[in-house]
Amino acid sequence: MSKEERVEVKAFYDALTEHIKQLRKERHISQLKLANILGHNSTSFIARIELRQNQANYNLAHLVILAKEWGIGVEELLPPSSLLK
């Protein structure tokens, strides 16, 4: 992967994380509740993702679980192009 591609992938993950965080807050869902939905017992998992630490990211399985839990399509979890830099 070239440096430009790595920058684009990082920008996508940053935008994805921000979008899911926004959706979480709109639904008044705590980091703990979101972690529980994704099968984790503490907020540290979600906090690492939202703070963009240690290359923690949502994966496809997370998106499928969230889409089902929130009654939306997986594509609605993807960041709008306006968030991509």
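What you see is a predicted model, and the numbers here were worked out from it, not measured in a lab.

Here we look at the overall build of the protein chain
At step 1: Secondary structure assignment for the protein chain yields four helices and zero strands.
At step 2: Counting from the amino terminus, helix and strand elements in the protein chain follow one another as α-α-α-α.
At step 3: In terms of overall dimensions, the protein chain is globule-like: its C-alpha atoms have a radius of gyration of 13 Å, near the 12 Å expected for 85 residues.
At step 4: For the C-alpha atoms alone, the extent of the protein chain along its principal axes is close to 35 × 25 × 20 Å.
At step 5: For the protein chain, the residues scored as buried account for 34% of the 85 residues in total.
At step 6: Surface accessibility of the protein chain: about 5600 Å² in total, with carbon and sulfur atoms responsible for 53%.

Brief notes about the packing of aromatic side chains
At step 1: A full pass over the atoms with the stated rule returns one aromatic pair.
At step 2: Seen from their ring centres, F12 and Y13 are 6.2 Å apart, and the 65° between their planes marks the pair as edge-to-face.
At step 3: Residue class for F12 comes out partly exposed when judged on its relative accessible area of 32%.
At step 4: Looking at Y13, the relative accessible area reads 27%, which means it is partly exposed.

Notes on the pattern of salt bridges
At step 1: On inspection of all chains with the given rule, the structure shows three salt bridges.
At step 2: Residue K10 is joined to D14 by a salt bridge in which the shortest nitrogen-to-oxygen separation is 2.7 Å. In this pair, K10 and D14 are both assigned in helix α1 (residues 3-26), four residues apart and thus about one turn of the helix distant.
At step 3: The closest approach of N and O atoms between R52 and D14, which form a salt bridge, is 2.6 Å. With R52 in the loop between α3 (44-50) and α4 (60-70) and D14 in helix α1, this residue pair connects regions lying 38 residues apart in the sequence.
At step 4: In this structure, a network of salt bridges that share partners links the residues K10, D14 and R52.

What about the side chain of T17?
At step 1: Among the secondary structure elements, T17 is positioned in helix α1.
At step 2: When its relative accessible area of 3% is taken as the criterion, T17 is described as buried.
At step 3: Only 2.9 Å separates the side chain of T17 from the backbone oxygen of Y13, close enough to count as a polar contact.

With respect to α4
At step 1: Among all positions in α4, only H62, L63, L66, A67 and W70 are buried. All buried residues of α4 lie within an arc of 130° about the axis, which places them on one face of the element. With respect to the buried face of α4, the exposed residues turned more than 90 degrees away are L60 and K68.
At step 2: Those residues of α4 that are buried are in contact with α1, α2 (31-37) and α3.
At step 3: Capping the start of α4, N59 holds a side-chain oxygen 2.9 Å from the backbone nitrogen of A61, two or three residues further along.
At step 4: Just past α4, the residue G71 takes up positive phi, approximately 65°.

About the thresholds
Residues numbered from 1 in each chain as written. Predicted model: local features only at pLDDT ≥ 70, side-chain atom pairs only at ≥ 80, totals over all residues. Heavy atoms only, no water. Helix = DSSP H or I, 4+ residues; strand = E, 2+ residues; numbered from the N terminus. Rg over C-alpha atoms; globule rule 2.2 N^0.38 Å. Buried < 20%, exposed > 50% of the residue type's maximum accessible area, 1.4 Å probe, protein only. Areas by Shrake-Rupley, 256 points an atom, 1.4 Å probe, with all protein chains shown as cover. Phe/Tyr/Trp six-rings, centres within 6.5 Å; stacked < 30°, edge-to-face > 60°. Salt bridge = Lys/Arg side-chain N within 4 Å of Asp/Glu carboxyl O. Polar contact = N/O pair within 3.5 Å; in protein donor to acceptor, adjacent residues only side chain to side chain. Arc of directions from axis to C-beta. Contact = heavy atoms within 4.5 Å.

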